[in-house]
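Below, each chain spelled out in residue letters.
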Amino acid sequence: DKLLTELLADRTFDEIVGVDVSYRSLELAQRRLKLDRLPARQAARIKLLHGSLTYRDKRLAGYDAAALVEVIEHLDAFRLPALERAVFGDARPKVVVVTTPNIEYNRMFPTLPEGQLRHRDHRFEWTRAEFQEWAERVAGSHGYRVRFLPIGTLDEEAGAPTQMAVFSS
């Protein structure tokens, strides 16, 4: 919702699409965005779609950019190839931004027990090296270039709390 709100406030974006597998999440997003109160022209710029990024979806093809913000860690690892095909192979946006937690940073959180993931729904969390290996393989397989950026305060040993890969075609 936060990202959609920010994008909606920026008039340089002609069309903004939010996708979620959960109807409930889409209903909450619709309420938080107050779509029913937006002027018609503003409301026409945003679409909320029920779908999964692990399946080919023609509705998602042709966009300039995609942002998978804290998404991949919620998938079972065996579903990642399906996401790769659907997003990088079929939808093929010019730019894809992927963020995910950096597991090496977890020890910096005093309330997070050793070996525990940050969220109960996370299926995995990667080290910086694992994330870079995955992203470089995906980029190479689908004709993208990739660069990596840290998000948050950098720790000399643990890196940043969140890691980001920016893919461009």
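Residues numbered from 1 in each chain as written. Predicted model: local features only at pLDDT ≥ 70, side-chain atom pairs only at ≥ 80, totals over all residues. Heavy atoms only, no water.

Student: So, the side chain of Thr162: which residues are in play, and what are the values?
Tutor: Note on placement: Thr162 falls in strand 6 (residues 162–168). Given the relative accessible area of 15%, Thr162 is considered buried. Aside from chain neighbours lying at most four places away, what touches Thr162 is Glu70, Thr99, Thr100, Pro101, Asn102, Arg118, Leu149, Pro150 and Ile151. (Helix = DSSP H or I, 4+ residues; strand = E, 2+ residues; numbered from the N terminus. Buried < 20%, exposed > 50% of the residue type's maximum accessible area, 1.4 Å probe, protein only. Contact = heavy atoms within 4.5 Å.)

Student: Help me get a handle on the sheet that holds strand 6, residues and values and all.
Tutor: Strands sit in the order 3-4-6-5 across an open sheet of four strands; the sheet is mixed. The sheet terminates laterally at strand 3 (65–69) and strand 5 (145–151), the two strands that pair on one side only. Pairwise comparison of adjacent strand axes, ignoring direction, gives a mean angle of 15 degrees for this sheet. Across seven bridges, the pairing between strand 5 and strand 6 is antiparallel. Residue Phe148 lies in a different strand from strand 6, and its bridge partner there is Ala165. (Pairing = 2+ DSSP bridges. Axes fitted to C-alpha atoms, helices over the stretch in contact; angles between N-to-C directions.)

Student: I'd like a rundown of the nonpolar core, residues and numbers included.
Tutor: Grouped together as the largest cluster of nonpolar side chains are 19 residues, with contacts concentrated most on Ile72, Phe88, Val96, Val98, Trp134 and Phe167. Counting residues per element, this core draws most heavily on helix 5 (residues 128–142), which supplies five residues. Look past the residues within four positions of Ile72 in its chain and what remains in contact with it is Leu80, Leu83, Val98, Thr100, Phe124, Trp126, Phe131 and Trp134. Of all hydrophobic cores here, the second largest spans six residues; its members include Leu4, Leu33, Leu35 and Ile46. (Core = buried A, V, L, I, M, F, W, Y, C linked by side-chain atoms within 4.5 Å.)

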